[in-house]
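Summary of the model geometry
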Amino acid sequence: MFEAIEHWLERRHIQQMGFIRADWDAANADWPLLARYSETERDELFELSLRFLVHKVFASGRDFELTGPICLKVATMACVPILNLGLNWYDGWQTLILYEGDFRPQRPYRSEDGVTHAVGPGLSGEAWSRGPVILSWDAILHCGPHARSGKAGNVVIHELAHKLDMLNDGANGAPPMHAGMSAQHWHDVFAAAWQQLQALAALHHPMHHAVLPIDAYGLTNPAEFFAVCSETFFEAPHTLKQALPELYEQMCLFYRQDPAAAGV
Ligand SMILES: [Zn+2]
């Protein structure tokens, strides 16, 4: 009974938003990876995006004007990783804050030279445990096979991957495993890939950005490694599969998708 009412309320909220499929198509027209999904899957993504908009709160950072197309696009990018997992994988937090450009967290920050600054460096995205996801619209506009770092990237998928990772013992690069998956095998595969890329980066220093299959930021720590591999998994699956086939296979099992199979 309660579920039926909840479902009815959700449908009513979706109707009140007034988005139609053509709005969704237009908002996502410049995101080529959607072409890898079948018409049925795109219908599911549209539906999931609307449900995401109903259940999450979009807030404007520094008076950035949030429009329908902006919210639809962010919701769609957020929903691609959970297309075959379900919206409940994003339970436990509610708010996305969008800034027009990069944002500066208002908290003390210690830079590499050991100096503590009152305010941190400009960021393109951030995800707080049980708190908001913060995103830069400018960084979202530069998502794709040649993101700002020069590698395939997607700041929305990156930050939402942190949210999935945090579901299991905080941000440590190991999201909850599905039945049939092995946490030990996941750890072994990711640790081996990590070492392989670290060796590659060291070998080619200082030109290592050019030879790595992922953005070098992924080699910061295991949590960033999972988040950056997730961006690459969706934005450049062939690159990831070719460079790290076992890691790619684990990502397929976790996300329940095989983006390289579609040929896009
Ligand atoms: Zn990150």
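Just above, that's the structure.
What you are looking at is a predicted structure, and each value in this text was computed from that prediction instead of being measured.

**So, the overall build of the protein**
The helix and strand inventory of the protein stands at 11 helices and 6 strands. In the protein, buried positions account for 47% of the 264 residues. Accessible area of the protein: about 13,100 Å², with a carbon and sulfur share of 54%.

**Here's the deal with the pattern of salt bridges**
All chains considered together, the criterion is met by 7 salt bridges. In this structure, Arg-21 and Asp-25 form a salt bridge, with 3.1 Å as the shortest nitrogen-oxygen distance. Of this pair, Arg-21 and Asp-25 both sit in helix H2 (residues 21–27), 4 residues apart, roughly one helical turn. Classification of Asp-25 as partly exposed rests on a relative accessible area of 36%. Residue Arg-42 is joined to Glu-39 by a salt bridge in which the shortest nitrogen-to-oxygen separation is 3.0 Å. Taken together, the positions of Arg-42 and Glu-39, both in helix H3 (residues 39–55) and 3 residues apart, correspond to about one turn of that helix. The exposure class assigned to Glu-39 is partly exposed, which follows from its relative accessible area of 44%.

**Quick notes on the coordination of the zinc ion**
Taken together, His-158 (NE2), His-162 (NE2), Glu-224 (OE) and Glu-224 (OE) make up the protein donors of the zinc ion, found 2.0 to 2.7 Å from the metal. Around the zinc ion sit 4 donor atoms; with metal-centred angles ranging over 52 to 144 degrees, the donor geometry is irregular. Written as a sequence motif, the donor arrangement for the zinc ion is H-x3-H-x61-E. One end of the pair, His-158, is in helix H6 (residues 155–165); the other, Glu-224, is in helix H9 (residues 222–235), with 66 residues separating them in the sequence. Glu-224 shares its class with His-158; the two are buried.

**Remarks on the sheet that holds strand S6 (residues 133–136)**
Here 4 strands make up an open sheet; going across it, the order is S1-S2-S6-S5 and the pairing mixed. Two strands bound the open sheet, and with one partner strand each, they are strand S1 (57–60) and strand S5 (125–127). Averaged over neighbouring strand pairs, the angle between their axes works out to 20 degrees when direction is ignored.

**Notes on the packing of aromatic side chains**
All chains considered together, the criterion is met by 17 aromatic pairs. Three or more aromatic residues joined by ring pairs form one cluster here, namely Trp-89, Trp-186, Phe-190, Trp-194, Phe-225, Phe-226, Phe-233, Phe-234, Tyr-248, Phe-254 and Tyr-255. For Lys-56, the ring lying beneath its charged end belongs to Trp-93, and the centroid distance is 4.2 Å.

**A few points about the pairing of S1**
Of the pairings in the sheet, the one linking S1 to strand S2 (residues 95–99) comprises 4 bridges and is parallel in character. Residue pairing across strands places Ser-60 opposite Leu-98, the latter belonging to S2. Handedness of the S1-helix H4 (residues 68–79)-S2 crossover: left-handed.

**Side note on the packing of helix H1 (residues 2–17) against H3**
It is the contact of H1 with H3, at a shortest axis distance of 9 Å, that shows an interaxial angle of 95 degrees. Relative to H3, the element H1 lies roughly perpendicular. Facing Glu-10, Arg-11, His-13, Ile-14 and Met-17 of H1, the residues of H3 in contact are Glu-47, Leu-50, Arg-51, Leu-53, Val-54 and His-55. Taken together, the residues that form the contact of H1 with H3 break down as 5 nonpolar, 2 polar and 4 charged.

**Here we look at the nonpolar core**
Phe-52, Leu-247 and Tyr-255 are the most contacted members of the largest nonpolar core, which totals 74 residues. Per element, the largest residue contribution to this core is 8 residues, and it comes from H4. Once residues lying within four places of it in the same chain are set aside, the contact partners of Tyr-255 are Pro-81, Asn-84, Leu-85, Ala-161, Leu-164, Phe-226, Ser-230, Phe-233 and Phe-234.

**Structural notes on helix H7 (residues 183–203)**
Across its 21 residues, H7 extends 30 Å between first and last C-alpha, which sits within 8% of the 30 Å expected from 1.5 Å per residue. Along H7, the residues classified as buried are Trp-186, Val-189, Phe-190, Ala-193, Leu-197 and Ala-201. Each buried residue of H7 lies within a common arc of 105 degrees when the element is viewed along its axis, so the set occupies one face. Facing away from the buried side of H7 by over 90 degrees, the exposed positions are Gln-184, Gln-195, Ala-202 and Leu-203. You can read the cap of H7 off the contacts: a side-chain oxygen lies 3.3 Å from the backbone nitrogen of Gln-184, and it is on Ser-182.

About the criteria used
- Residues numbered from 1 in each chain as written.
- Predicted model: local features only at pLDDT ≥ 70, side-chain atom pairs only at ≥ 80, totals over all residues.
- Heavy atoms only, no water.
- Helix = DSSP H or I, 4+ residues; strand = E, 2+ residues; numbered from the N terminus.
- Buried < 20%, exposed > 50% of the residue type's maximum accessible area, 1.4 Å probe, protein only.
- Areas by Shrake-Rupley, 256 points an atom, 1.4 Å probe, with all protein chains shown as cover.
- Salt bridge = Lys/Arg side-chain N within 4 Å of Asp/Glu carboxyl O.
- Donors = N, O, S within 2.8 Å, 3.2 Å for Na, K, Ca; no water.
- Tetrahedral: all angles 85-135°; square planar, octahedral: opposite > 155°, others 65-115°.
- Pairing = 2+ DSSP bridges.
- Axes fitted to C-alpha atoms, helices over the stretch in contact; angles between N-to-C directions.
- Phe/Tyr/Trp six-rings, centres within 6.5 Å; stacked < 30°, edge-to-face > 60°.
- Lys NZ or Arg CZ within 6 Å of the ring centre and 35° of its normal.
- Right-handed = clockwise from strand over helix to strand, strands pointing away.
- Parallel < 35°, antiparallel > 145°, perpendicular 65-115°, else oblique.
- Contact = heavy atoms within 4.5 Å.
- Nonpolar A, V, L, I, M, F, W, Y, C, P; charged D, E, K, R; others polar.
- Core = buried A, V, L, I, M, F, W, Y, C linked by side-chain atoms within 4.5 Å.
- Expected span 1.5 Å × (residues − 1).
- Arc of directions from axis to C-beta.
- Polar contact = N/O pair within 3.5 Å; in protein donor to acceptor, adjacent residues only side chain to side chain.

Treat this as a map of the structure, not an account of what it does.
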